[in-house]
Amino acid sequence: MNARYAGDRTTGFASPASDSVEGPIDLSQTLDLANPSRYPVRVRRATFAAWGILDGDILIADTAGSPQAGQLVIAWAAWRVLLAELQKRGKTWWLVSGDNTHSPLEADPAREVEIWANVASVVHEKA
């Protein structure tokens, strides 16, 4: 049988929930991946367990938005790519690691620290 179940055919009585049967979910559309400022990035050797982000997860990076305090960002610092929470303390911006293994790092372009993108979404793949 090649027919796929679409949720609209039942045996017995009709389901009262048939009015709310949703069609296929297009993740590209949901995550707005057609937008040229958004792209997927896989997390490697980093975790942000407090936010539910683990090694192997996929982040949807958005390069068009303005970074805001309390937001996760992808940054370049100390010659490596970092996943960090952006915090503002007084007039200074800081990159704070998710696992507290690194001291907060001042987000200062003069110190070769640059924020590349905001994290717009997280995709967890089931192992």
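Below is a short write-up of the structure. (Residues numbered from 1 in each chain as written. Predicted model: local features only at pLDDT ≥ 70, side-chain atom pairs only at ≥ 80, totals over all residues. Heavy atoms only, no water.)

1. What to know about the nonpolar core
By size, the foremost hydrophobic cluster in this structure holds ten residues: V43, F48, I53, L59, A61, L72, I74, L83, A117 and V119. Of all the secondary structure elements, the ones that give two or more residues to this core are strand 2 (58–62), strand 3 (72–77) and strand 7 (114–123). For I53, the residues in contact, after removing those within four places along its chain, are V43, T47, F48, L59, L72, L83, V122 and H124. Judged by nonpolar contacts, the second largest core, of nine residues, contains V73, A84, A107 and V113. (Core = buried A, V, L, I, M, F, W, Y, C linked by side-chain atoms within 4.5 Å. Buried < 20%, exposed > 50% of the residue type's maximum accessible area, 1.4 Å probe, protein only. Helix = DSSP H or I, 4+ residues; strand = E, 2+ residues; numbered from the N terminus. Contact = heavy atoms within 4.5 Å.)

2. A few points about unusual backbone geometry
Not every positive phi belongs to a glycine, and D32 is a case in point at roughly 60°. Positionally, D32 belongs in the loop between helix 1 (27–30) and strand 1 (38–42). Looking at D32, the relative accessible area reads 33%, which means it is partly exposed. Even without being a glycine, E112 presents a positive backbone phi close to 60°. By secondary structure assignment, the location of E112 is in the loop between strand 6 (105–106) and strand 7.

3. Quick notes on the layout of surface pockets
One way to see where empty space is left: roll a probe the size of a water molecule over the atoms. Estimated volume of the largest pocket: approximately 550 Å³. Taken together, 24 residues form the lining of the largest pocket, with R45, A46, V81, L82 and L83 sitting closest to its centre. No other element matches strand 4 (residues 80–89), which puts five residues into the lining of the largest pocket. Its residues assigned to classes, the lining of the largest pocket shows 13 nonpolar, six polar and five charged. (1 Å grid on protein atoms, 1.4 Å probe; cavity = no way out; pocket = protein on both sides within 12 Å on 5 of 7 lines; lining within 4 Å. Points joined across faces, edges and corners; volume = space filled by probe spheres on them. Nonpolar A, V, L, I, M, F, W, Y, C, P; charged D, E, K, R; others polar.)

4. Things to note about the packing of aromatic side chains
Under the counting rule described, the total for this entry stands at three aromatic pairs. Relative to W51, the ring of F48 has its centre 6.2 Å away and its plane inclined at 85°; by these criteria the two rings are edge-to-face. According to the relative accessible area criterion, F48 is buried, its value standing at 3%. When the centroid spacing of 5.8 Å and the interplanar angle of 10° are considered together, the rings of W76 and W116 count as stacked. (Phe/Tyr/Trp six-rings, centres within 6.5 Å; stacked < 30°, edge-to-face > 60°.)

5. Observations concerning the pattern of salt bridges
Applying the stated rule across the entire model yields two salt bridges. Put simply, R38 and D62 hold a salt bridge, and the shortest N to O gap is 3.5 Å. Placement of R38 in strand 1 and of D62 in strand 2 is noted, with a sequence separation of 24 residues between them. The two residues R38 and D62 agree in class, both being buried. Here R111 makes a salt bridge to E106, at a shortest N to O gap of 3.0 Å. On the basis of relative accessibility, which here comes to 23%, the residue E106 falls in the partly exposed class. (Salt bridge = Lys/Arg side-chain N within 4 Å of Asp/Glu carboxyl O.)

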